[in-house]
Amino acid sequence: MGAINHDLTQIDTVIIASDRCLAADSLSIGHDGMPVCSAGMADINAIAMALSAGLKVIIVDGCGCDGLCRCMSWAGAFIVVPKGNPGLAPARQPQSVICLCGEADDMLVMRGQGLLCCPADAAIDVRASAAYVSHCDAGSGCVRDVIEQILRSQGKWEECKRKLLEHKSHVG
């Protein structure tokens, strides 16, 4: 298990491809014939922690999973950008942005946005271009791995973890 070789104290934005980072390489079809995506709880919890720490989280949706995107939007402060939307303007300070993707088409959308990271099972071209390859696969903690490293480097991990546990004890 390695570490991201970058000054993570300056990171204020995380861009995540929903397919092949949040969701694994499988897709279920719902009763209505629409795709149903899933995401690992470790990754979802890490995103909630990133938001509570004040990081901006942008989800690039390429799998057409409206339910997953709605869920993330309701979580607060998520900006959901459809894949292929030229709305991803170049980052003004790419050194403050981490991009997580697993497929070459996501890599093209995120080019020039920030430091490229990917899951262990990302496409070969993405792994070859990434500054950091997580030890975790897509949908199995790669988002958490990266966010945990950011929050730990910023001294926010323990406080965010405490807030998440406190929230969960009140919810259920």
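Described below are features of the structure shown in this document. Just so we're clear, the structure is a prediction, and the values are computed from it rather than from any experiment. (Residues numbered from 1 in each chain as written. Predicted model: local features only at pLDDT ≥ 70, side-chain atom pairs only at ≥ 80, totals over all residues. Heavy atoms only, no water.)

### Description of the overall build of the protein chain
Counting secondary structure elements, the protein chain contains six helices and eight strands. The order of α-helices and β-strands along the protein chain, N terminus first, is β-β-β-α-β-α-β-β-α-β-α-β-α-α. Across the 172 residues of the protein chain, 45% fall into the buried class. Put simply, 55% of the contacts in the protein chain that link residues at least 6 apart link residues at least 24 apart. Within the structure as shown, the protein chain displays about 8,600 Å² of accessible surface, and the carbon and sulfur contribution to it stands at 54%. (Helix = DSSP H or I, 4+ residues; strand = E, 2+ residues; numbered from the N terminus. Buried < 20%, exposed > 50% of the residue type's maximum accessible area, 1.4 Å probe, protein only. Contact = heavy atoms within 4.5 Å. Areas by Shrake-Rupley, 256 points an atom, 1.4 Å probe, with all protein chains shown as cover.)

### Examining the pattern of salt bridges
Applying the stated rule across the entire model yields six salt bridges. Glutamate 159 is paired through a salt bridge with arginine 162; the nearest N and O atoms lie 2.5 Å apart. Within this pair, glutamate 159 and its partner arginine 162 are both found in helix α6 (residues 157-171), separated by three residues, close to a single helical turn. Arginine 162 gets classed as partly exposed once you look at its relative accessible area, which sits at 41%. Residue glutamate 166 pairs with arginine 162 through a salt bridge whose shortest N-O separation is 2.9 Å. A residue pair is termed a helical-turn pair when its members lie 3 or 4 positions apart in one helix, as glutamate 166 and arginine 162 do in helix α6 at four residues. Judged by relative accessible area, which is 40%, glutamate 166 ranks as partly exposed. The structure contains a network of salt bridges with shared partners spanning Arg144, Glu148, Arg152, Glu158 and Lys161. (Salt bridge = Lys/Arg side-chain N within 4 Å of Asp/Glu carboxyl O.)

### Section: the environment of glycine 102
If you trace the backbone, glycine 102 turns up in the loop between β6 (97-100) and α3 (104-110). Glycine 102 sits in the buried class, given a relative accessible area of 0%. Separated by 82 residues in the primary sequence, glycine 102 and arginine 20 place their C-alpha atoms 5.0 Å from one another. Not counting chain neighbours up to four residues away, the residues in contact with glycine 102 comprise Arg20, Cys21, Pro119, Ala122, Ala123 and Val126.

### Considerations on the pairing of β6
Of the two faces of β6, both are covered, the one formed by Val97 and Cys99 as well as the one formed by Ile98 and Leu100. Bridging between strand β1 (residues 13-17) and β6 involves four bridges; their strand directions are parallel. Paired with threonine 13 across the bridge in β6 is valine 97. Here β6 pairs with strand β7 (residues 115-118) via three bridges, running parallel. The residue of β7 that forms the bridge with cysteine 99 is leucine 116. (Pairing = 2+ DSSP bridges.)

### Quick look at the nonpolar core
In terms of nonpolar packing, the biggest core is built from 31 residues, with Ile16 and Val143 touching the most fellow members. Those elements that place two or more of their residues in this core are β1, α1 (41-52), β4 (56-61), β6, β7, α5 (142-153) and α6. Tallying contributions element by element places α5 first for this core, with six residues. Ignoring sequence-local partners within four residues, the contact set of isoleucine 16 consists of Cys21, Leu22, Ile47, Val57, Ile58, Ile59, Val60, Leu100, Met110 and Val143. By size, the runner-up hydrophobic cluster in this structure holds 14 residues, among which are Ile58, Cys99, Leu116 and Ala122. (Core = buried A, V, L, I, M, F, W, Y, C linked by side-chain atoms within 4.5 Å.)

Treat this as a map of the structure, not an account of what it does.
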